[in-house]
There are 2 protein chains.
Amino acid sequence: RRARPVREVLFFPSRPCCIEALLAEAAEPGAPARPCPCPLPSGDTALSRLVRRLLSARRSLDLCLFAFSCPQLARAVQLLHRRGVRVRLVTDAQYMGLHGSQIGRLRHAGIQVRHDQHTGYMHHKFAIVDRRMLLTGSLNWTAQAIQSNRENVLVVEDAEYVKAFQDEFERIWEEYNPANYKFF
Amino acid sequence: RRARPVREVLFFPSRPCCIEALLAEAAEPGAPARPCPCPLPSGDTALSRLVRRLLSARRSLDLCLFAFSCPQLARAVQLLHRRGVRVRLVTDAQYMGLHGSQIGRLRHAGIQVRHDQHTGYMHHKFAIVDRRMLLTGSLNWTAQAIQSNRENVLVVEDAEYVKAFQDEFERIWEEYNPANYKFF
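Residues numbered from 1 in each chain as written. Chains lettered and ligands numbered in written order. Predicted model: local features only at pLDDT ≥ 70, side-chain atom pairs only at ≥ 80, totals over all residues. Heavy atoms only, no water.

Caption draft 1: A look at the relation of the copies chain B and chain A. Of the two same-sequence chains, chain B is brought onto chain A (RMSD 0.0 Å, axial shift 0.0 Å) by a rotation of 180°. Overall, the copies show the geometry of a two-fold rotation axis. (Least-squares fit on C-alpha atoms with pLDDT ≥ 70 in both.)

Have a look at this one:
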């Protein structure tokens, strides 16, 4: 029986929290928990909820992110990639080279990344899990935004909204295909 | 009988368009249309849809916007204020003083504006029409974002999501009450 569709709103700033237990459980389900030596609590926060939603991916994760510099979220994405989830990432050309960007690290890990060609900003901030659940809002995936800004992320499991964003993702993915680059 | 709840996603960049006819109809419903001398088409675009949704406000418009410099959207908000709609606007302190910001003009027109006190960014970009319809996404209300960026705005008429954002608005509105300012 299908569970009730997820409907949730996450507001930031999030209280700081340790997500090691979440990552460990996702990497090795059922393995005995090892306490993390860091001083952060591992409670229920906006960040931990966001990570949980991402880690629920089983087949695909499509990311469309203006800025991505948060190491914790990069580790979650890398973990999914290692687990065999098909990860695709679209980002903004101007921001991916900035200090602290996680894009290079994710590319290095073998994740497919595409970016725009410098006309306007690729300013979306959304993720689609298994072509079924949409996470979208104002939040760039940076530690500053998560810890200090007033931000929102809607979690929407609704076929109509998800399809609109999935179609937008496929349009952008194709438009940013390096085979279509123009050199002047 | 209630109409079906609005469910819509607007994607930007928007084709340029003239919204004079929309503003004129909202200012004087039923008045004979006067053609606008500007060269822009007045078609159905993401911007015109956004303006239509805003102009549907009858009682209240709550705005929570990181950046607001688009003159067309400022005219729509001013028009609602003149029509007796209760407009409240929350914005980010760092951005409201920048060149082209419409915040000064809206304050001058008598619209209530509150802003943060420089800890992190007030990075939301949402509007709530008549405490009933939520417009939220990645879009800052700037001409650059509307015309050049890849952006999204969800239009959601769903009591659960709207309540979450209305509660967030009221929290911020109270937190940014000038009576609560701290001076060091």
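This is not the end of the story, as more comes after the structure.
Caption draft 2: Looking closely at the pairing of strand S6 (residues 133-137) of chain B. Residue and element names in this part refer to chain B. Counting buried positions along S6 gives five out of five residues, so the element sits mostly inside the fold. A two-sided burial pattern is seen for S6, the buried positions comprising Met133, Leu135 and Gly137 on one face and Leu134 and Thr136 on the other. Two elements, strand S5 (residues 125-129) and S6, share four bridges in a ladder whose sense is antiparallel. If you follow Ile128 over to S6, its bridge partner there is Leu134. Between S5 and S6, which pair antiparallel one after the other, the connecting turn spans three residues, and Asp130 there sits at a positive phi close to 55°. As judged from the four bridges shared by S6 and strand S7 (residues 151-156), these two strands associate in the antiparallel manner. Bridge pairing in S7 links Thr136 to Leu154. (Buried < 20%, exposed > 50% of the residue type's maximum accessible area, 1.4 Å probe, protein only. Helix = DSSP H or I, 4+ residues; strand = E, 2+ residues; numbered from the N terminus. Pairing = 2+ DSSP bridges.)

Caption draft 3: Spotlight on the interface of chain B and chain A. In this assembly, 37 residues from chain B lie in contact with 37 residues from chain A. Of the roughly 3,000 Å² buried at the junction of chain B and chain A (both faces included), carbon and sulfur atoms supply 51%. It is B:Arg7, B:Arg150 and B:Tyr161 that lose the most area in chain B upon contact with chain A, and together they represent 27% of the buried surface on that side. Seen at the junction of chain B and chain A, the total is ten salt bridges. Put simply, A:Arg150 and B:Glu168 hold a salt bridge, and the shortest N to O gap is 3.2 Å. Linking chain B with chain A are 24 residue pairs in polar contact (both at pLDDT 80 or more), by the criterion used here. Only strand S1 (7-12), S5, S6, helix H6 (143-148), S7 and helix H7 (159-175) of chain B provide two or more residues apiece to the side of chain B that touches chain A. (Contact = heavy atoms within 4.5 Å. Buried area = accessible area lost by both parts, 1.4 Å probe. Salt bridge = Lys/Arg side-chain N within 4 Å of Asp/Glu carboxyl O. Polar contact = N/O pair within 3.5 Å; in protein donor to acceptor, adjacent residues only side chain to side chain.)

Caption draft 4: How the structure looks around the sheet that holds strand S7 (residues 151-156) of chain A. Residue and element names in this part refer to chain A. Overall, mixed pairing links the seven strands, which are arranged S1-S7-S6-S5-S2-S3-S4 in an open sheet. Two strands bound the open sheet, and with one partner strand each, they are strand S1 (7-12) and strand S4 (112-115). For this sheet, the mean angle separating the axes of adjacent strands, direction not counted, is 10°. Most of the contacts of helix H7 (residues 159-175) go to strand S3 (residues 86-91), to which it runs at about 70°, and overall it touches strand S2 (60-65), S3, S4, strand S5 (125-129), strand S6 (133-137) and S7. (Axes fitted to C-alpha atoms, helices over the stretch in contact; angles between N-to-C directions.)

Caption draft 5: Representation of the pattern of salt bridges in the model. The tally for this structure, following the rule as stated, stands at 32 salt bridges over all chains. Note that B:Asp158 and A:Arg7 form a salt bridge whose closest N and O atoms lie 2.6 Å from each other. You can see B:Asp158 sitting in the loop between S7 and H7 and its partner A:Arg7 sitting in strand S1, one on each of two chains. A residue is classified by how much of its surface remains accessible, and B:Asp158, at 18% relative accessible area, is buried. Using a relative accessible area of 31% as the deciding quantity, one classes A:Arg7 as partly exposed. Here the residues in one salt-bridge network are A:Arg4, A:Arg7, B:Asp158 and B:Glu160, joined through shared partners.

Caption draft 6: Region of the structure containing the confidence of the model for chain A. Taken as a whole, chain A shows an average pLDDT of 93; of its residues, 98% reach a score of 70 or greater. Reported confidences for the modelled complex are a pTM of 0.94 and an ipTM of 0.93. (pLDDT = per-residue confidence, 0-100.)

Caption draft 7: Quick peek at the packing of helix H1 (residues 20-27) of chain B against helix H3 (residues 71-82) of chain B. Residue and element names in this part refer to chain B. Put simply, H1 and H3 touch, their axes get as near as 10 Å, and they point 5° apart. Here H3 runs roughly parallel to H1, going by the angle between their axes. Across the interface between the two elements, Glu20, Leu23, Ala26 and Ala27 from H1 touch Arg75, Ala76 and Leu79 from H3. Among the residues making up the contact of H1 with H3, the classes are represented as five nonpolar, no polar and two charged. (Parallel < 35°, antiparallel > 145°, perpendicular 65-115°, else oblique. Nonpolar A, V, L, I, M, F, W, Y, C, P; charged D, E, K, R; others polar.)

Caption draft 8: Focus on the packing of helix H2 (residues 46-55) of chain A against helix H3 (residues 71-82) of chain A. Residue and element names in this part refer to chain A. Look at H2 against H3: their axes get within 10 Å of each other, and the N-to-C directions meet at 15°. Classified by the angle between their axes, H2 and H3 sit roughly parallel to one another. Once H2 is placed against H3, the crossing between them reads as right-handed. In this structure, H2 contributes Leu47, Leu50, Val51, Leu54 and Leu55 to the contact, and H3 contributes Gln72, Leu73, Ala76 and Leu80. (Left-handed = near helix turned anticlockwise from the far one by under 90°.)

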